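Spelled out from the first residue to the last, the chains are:
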Amino acid sequence: MALDHQADFVIAGAGHNSLVTACYLAAAGQSCVVIDARDIPGGGAATEEILGPGFAIDTCSTGHTLILQNPIIRLDELGLVARHGLTYIDPDPVAHVALPDGEQITMHLDAERTIAEFARYCEADAESYRRLLAEFDELRPLLAKARAFPVGYGPSLRDLLKEHPRGGIWARRMAMSARDVILGEFVSPHVRAFMGWMAFQTAVPIDQAGTGLLAYQIIAPRQARSWSIPMGGSGRLVDALVGFLRARGTEFHLGTKIGGLILEDGRCVGVRAEDGRIFRGRKGVVSTIHVKHLVDMAPPDVWGETFRYGVKTYNVGVPFFASYLATTAPPVFQTPRGPRMAVSAGYAGWIEDLVQSGRNIYDGRFSDDIAWLLVATPSLVDPGRAPAGHHTVKLLTHTIYDLPGEGPAGWAARKEAYTDRLLATLRRFCPGFTDDVILARLTKSPVDIEAANPHMIHGAPHGGDRSATFSGEQRPVPGWAAHRMPIPGLWQTGGTTHPGGSITGYPGRNAARVILGDIGIDPATVMAT
Ligand SMILES: Cc1cc2nc3c(=O)[nH]c(=O)nc-3n(C[C@H](O)[C@H](O)[C@H](O)COP(=O)(O)OP(=O)(O)OC[C@H]3O[C@@H](n4cnc5c(N)ncnc54)[C@H](O)[C@@H]3O)c2cc1C
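What you see is a predicted model; the values in this text were computed from it and never measured.

K.L.:
Is there a simple way to think about the overall build of the chain in this case?
P.N.:
Tallying secondary structure elements over the chain gives 18 helices and 20 strands in all. In terms of overall dimensions, the chain is globule-like: its C-alpha atoms have a radius of gyration of 22 Å, near the 24 Å expected for 529 residues. Across its three principal directions, the C-alpha atoms of the chain cover 70 × 55 × 50 Å. Within the chain, the proportion of its 529 residues that are buried is 60%. Sequence separation of at least 24 residues holds for 72% of the intrachain contacts in the chain that already meet a minimum separation of 6.

Below you can see the structure in the form of structure tokens.
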């Protein structure tokens, strides 16, 4: 068998999570060779000039709030901030959301100003929001602890709540749906819609049992610090990770799709690229290949029945639809209280509409009634992302992959009209955001998102559905939630592992903890906590 490249570890897929794993392995003196199907590293943390020179477009993620809580950034464990040029901006306002009757709510970094916004609709809701933030403070350290350890390496959130004086209250909230929590805590339809817009950010239908914490855990960290974005684009996080790795001699092989695992004596010793090249890992392989693809990369019997069944029944999640615009002006929301702009803005239907849109998606029903729209304009606070006086705008919503009667192929003919629907929704509130200000646009249906990144099956962004059914010890498969796969020498990271997708770096850091332990290196040599 011809050998093309060898290192201690083969890193199969270069999303931010596997780069994080590689960084900790490299910090511990391990050599890595990184392989990715895309021509650039970073997966969903990429910034690309897809609309022409000077327009730095985040093709997937823009907001990085969650990774700021991870010790890799919070404690700058690897010097990504101190030595590799990573800087975060905390936009204020945090968010601005338009509602069906033309009312609009702005969330400010000053919590009192957000509370005053809610009080315009209902004094009791304003007080509920104040209480929600205070209550979340008691959950925050527990959540951080539960996320920052691999499954089985520390107490789960459920275990931690058993020890907490108000644990029973949080356990009930955890089991409820976000919709029910919101309906129980707030009475104004406007505030409910705003809270629903926030809760739906994780792309899990908000009436699913077990989504209750989404009513807290998205909005509260944003209220504390904002929807933070890396200066220069999402890809600057990747630049810092790649810079760290290159400084330690890591080789990158991009534009290289992996087609198979190499097994010897029952152990995973490398991968085979689709072009036939062989990459060997003396100590093993770290994968961020989607588990639904991974199982096809080795004979069925080596995985065992439980793993194969778990992967077969694993839900890939709710697809995204994205439109990217290069513009001469930002979207300016006209409100009775004057114009408003925000890096994170959007539209929310009433809470019933938000619930219905999630049900439609789970049931495979197509609807072009837009109930949830995110409008990201990072150039408002980071002008270097566009030529002087210009802006980058991303429109994002949830939808389905498989169009009834048309199949996924139907998106090719439909997608521009769908972008027009998103724009029409936005223009109800931003009348000046006409075609005249749009210099260029590009649409990615779920089919296009999948084509750009094989980890985003059906255009679903998070490596799998993030409902309770597929979280914690169920992710990706019961018994295999702690990054070790059924084949010795193969570890899994990325969104298919706890705590799931988004730019958190937790799956990456947690996998590194497991792998280092497995090869006899104390993780404390490279991790502060
Ligand atoms: C439009 C859009 C907007 C989003 N916005 C946000 C946001 O604002 N904030 C946020 O937190 N999250 C956001 N997300 C989600 C976020 O991008 C993902 O959850 C995150 O990137 C997952 O990271 P990861 O490291 O697990 O894997 P990924 O980023 O998906 O990377 C996986 C990598 O593995 C590679 N790969 C897979 N299979 C193979 C193979 N066979 N051979 C070689 N390479 C392979 C892929 O090419 C890819 O580079 C968004 C996603 C989308 C699509």
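K.L.:
Got a minute to help me understand the site of the ligand in this structure?
P.N.:
Asp-36, Gly-44, His-455, Gly-495 and Ser-502 are the nearest of the 37 residues found near the ligand. Within the contact set of the ligand, an oxygen atom lies 3.5 Å away from a backbone nitrogen or oxygen of Gly-43. Contact between the ligand and Ile-258: a nitrogen atom at 2.9 Å from a main-chain N or O atom of the residue. In the complex, the protein chains occlude 97% of the 1,000 Å² of accessible area that the ligand would expose alone. Counting only elements with at least two residues in the shell around the ligand, the list comes to helix 1 (16-27) and strand 13 (320-327). Its residues placed into classes, the shell around the ligand shows 14 nonpolar, 20 polar and three charged.

K.L.:
Got a minute to help me understand the nonpolar core in this structure?
P.N.:
Most often, soluble globular proteins have nonpolar side chains that are buried together. In this structure, Tyr-129, Leu-157, Phe-194, Met-195, Leu-395 and Phe-433 are the most contacted members of the largest nonpolar core, which totals 94 residues. Other than its neighbours up to four places away in sequence, Phe-433 contacts Leu-325, Thr-327, Ala-329, Pro-330, Pro-331, Val-393, Leu-423, Leu-426, Arg-427 and Ile-438. Formed by 41 residues, the second largest nonpolar core is a distinct cluster that contains Ala-26, Leu-237, Val-286 and Leu-516.

K.L.:
How should I be thinking about the environment of Phe-9 in this particular structure?
P.N.:
Examined against the element boundaries, Phe-9 turns out to sit in strand 1 (residues 5-12). Counting along the chain gives 23 residues from Phe-9 to Cys-32, while the straight-line C-alpha distance between them is 4.8 Å. Excluding its chain neighbours within four sequence positions, the residues that come into contact with Phe-9 are Leu-25, Gln-30, Ser-31, Cys-32, Val-33, Gly-281, Lys-283, Gly-284, Val-286, Trp-491, Ile-515 and Ile-519.

K.L.:
Which parts of the structure should I look at to understand helix 7 (residues 167-175)?
P.N.:
An α-helix turns once every 3.6 residues. As a result, residues three or four positions apart point the same way. For helix 7, the full list of buried residues reads Gly-167, Trp-170, Arg-173 and Met-174. Seen end-on, helix 7 carries its buried residues on one side only, within an arc spanning 125°. Structural note: helix 7 exposes Gly-168 and Arg-172 on the side pointing more than 90 degrees away from its buried face.

Procedures and definitions
Residues numbered from 1 in each chain as written. Predicted model: local features only at pLDDT ≥ 70, side-chain atom pairs only at ≥ 80, totals over all residues. Heavy atoms only, no water. Helix = DSSP H or I, 4+ residues; strand = E, 2+ residues; numbered from the N terminus. Rg over C-alpha atoms; globule rule 2.2 N^0.38 Å. Buried < 20%, exposed > 50% of the residue type's maximum accessible area, 1.4 Å probe, protein only. Contact = heavy atoms within 4.5 Å. Near = heavy atom within 4 Å. Polar contact = N/O pair within 3.5 Å; in protein donor to acceptor, adjacent residues only side chain to side chain. Areas by Shrake-Rupley, 256 points an atom, 1.4 Å probe, with all protein chains shown as cover. Nonpolar A, V, L, I, M, F, W, Y, C, P; charged D, E, K, R; others polar. Core = buried A, V, L, I, M, F, W, Y, C linked by side-chain atoms within 4.5 Å. Arc of directions from axis to C-beta.

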